[in-house]
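Chains, contacts and geometry: an overview
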Amino acid sequence: MGKFELLALPYDYNALEPTIDKMTMEIHHSKHHGGYVTKLNAAVEGTDLDGKSLEELLSNVSNHSTAVRNNGGGHFNHSLFWSIMKPGGAEVPSSLSDAINSAFTSFDEFKNQFSNAAVTRFGSGWAWLVVQDGKLAIGSTPNQDNPIMDVSDIKGTPILGLDVWEHAYYLKYQNRRPEYIENWWNVVNWEEVAKRYNDIK
Ligand code: MN
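A few points on the structure. Quick caveat, the model's predicted, so the values are computed rather than measured. Every chain is numbered independently, its residues counted from 1 as its sequence is written. Only residues with pLDDT of 70 or above have their local features reported here, since the model is predicted, and side-chain atom pairs are shown and tallied only from 80 upward, although totals for entire chains, interfaces and linings are computed over all residues. Based on all heavy atoms of the structure, the side-chain values leave hydrogens and waters out of the count.

1. Describing the nonpolar core
Here, nonpolar core refers to any group of buried Ala, Val, Leu, Ile, Met, Phe, Trp, Tyr and Cys residues whose side-chain atoms link them within 4.5 Å. Only protein chains enter the area calculation, which uses a 1.4 Å probe; residues under 20% of their type maximum are buried, those over 50% are exposed, and those in between are partly exposed. Met85, Leu160, Leu162, Tyr180 and Trp184 are the most contacted members of the largest nonpolar core, which has 46 residues in total. To qualify as a helix, a DSSP run of H or I must reach at least 4 residues; to qualify as a strand, a run of E must reach at least 2; elements of each kind are numbered from the N terminus. The dominant element in this core, judged by the number of residues it contributes, is strand 1 (residues 125–132), at 6 residues. In contact with leucine 160, not counting residues within four places along its chain, are Leu80, Ile84, Phe110, Phe114, Ala127, Trp128, Leu129, Trp184, Trp185, Val188, Trp190 and Val193. Among the nonpolar cores identified, the runner-up in size contains 13 residues, and Val44, Leu54, Leu57 and Val68 belong to it. The contact criterion used is simple: two residues touch if any of their non-hydrogen atoms lie within 4.5 Å.

In structure tokens, the structure reads:
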């Protein structure tokens, strides 16, 4: 038995409809995320990595196997992703909106830059809002990489992440990734994003 676990979602599979449909959520969580957890446990079991935290594994992932990179990244990224969504979304707390306005000139400009990072990520990957040395920055990573990995082009602590793998949207949106991204803003749990931001400061 490995130590990493697939936690239940904090809402029902149909709770993010119509933005994200029930079948996509169910397959995405139970099969895709569940698969990453199973394979991550298999990759560390019986090795000297057994017992290390996920953050520890990912921060020097260049020393580890491709299986640890892909499945450890997948477990970290999806755990964050489920937590920063919520049925109906949430208001942006002023502590965070002030910081976003200051970093990107306006909230709309922030959304434009983040959406652009998500739309233009070639193939499968993620768009991120991170805190780097106390400052907010936007970027994207391929596959299941993320900004806490030593191999990542963009580094920092992610406070918002968007999955742009086709498995995240294809059943409902088919090839229309920009439409998925536009609708996704409706279910962002800004209270959780602000909490993550305030925890770093
Ligand atoms: Mn995914």
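2. Digging into the coordination of the manganese ion
At this site the manganese ion is bound by His28 (NE2), His78 (NE2), Asp163 (OD) and His167 (NE2), with donor distances of 2.0 to 2.1 Å. Each donor residue of the manganese ion lies on one chain, and together they are spaced H-x49-H-x84-D-x3-H. Residue histidine 78 is located in helix 3 (residues 66–83), and its partner histidine 167 is located in the loop between strand 3 (157–163) and helix 6 (170–173); the two are separated by 89 residues in the primary sequence. Residue classification places histidine 167 among the buried positions, given a relative accessible area of 18%. Each metal's donors comprise the N, O and S atoms found within 2.8 Å of it (within 3.2 Å for Na, K or Ca). Water is not part of the atom list, so some coordination spheres may appear incomplete.

3. As for the packing of aromatic side chains
Between 30 and 60 degrees the pair is tilted, below 30 it is stacked and above 60 it is edge-to-face, where a pair is any two Phe, Tyr or Trp rings, Trp via its six-membered ring, whose centres lie within 6.5 Å. In the structure shown here, the tally under the stated rule is 15 aromatic pairs. Seen from their ring centres, phenylalanine 107 and tryptophan 190 are 5.5 Å apart, and the 70 degrees between their planes marks the pair as edge-to-face. With phenylalanine 107 in helix 5 (residues 107–120) and tryptophan 190 in helix 8 (residues 190–200), the pair connects residues that are 83 residues apart, well separated along the chain. Look at tryptophan 190 and you get buried, because its relative accessible area is 4%. Geometrically, the ring pair formed by phenylalanine 110 and phenylalanine 114 is tilted, given 6.0 Å between the ring centres and 50 degrees between the ring planes. Taken together, the residues phenylalanine 110 and phenylalanine 114, both in helix 5 and 4 residues apart, mark about one turn of the helix. Phenylalanine 110 sits in the buried class, given a relative accessible area of 0%. Owing to a relative accessible area of 0%, phenylalanine 114 belongs among the buried residues under this scheme. Ring-pair connections join several aromatic residues into one group, and the members of that group are Phe104, Phe107, Phe110, Phe114, Trp184, Trp185 and Trp190. Geometrically, a lysine NZ or arginine CZ counts as sitting over a ring once it is within 6 Å of the ring centre and also within 35 degrees of the ring normal. Just above the ring of phenylalanine 4 sits the side chain of lysine 3; from NZ or CZ to the centre is 4.3 Å. The ring of tyrosine 173 is capped by lysine 172, whose NZ or CZ atom sits 5.6 Å from the centre of that ring.

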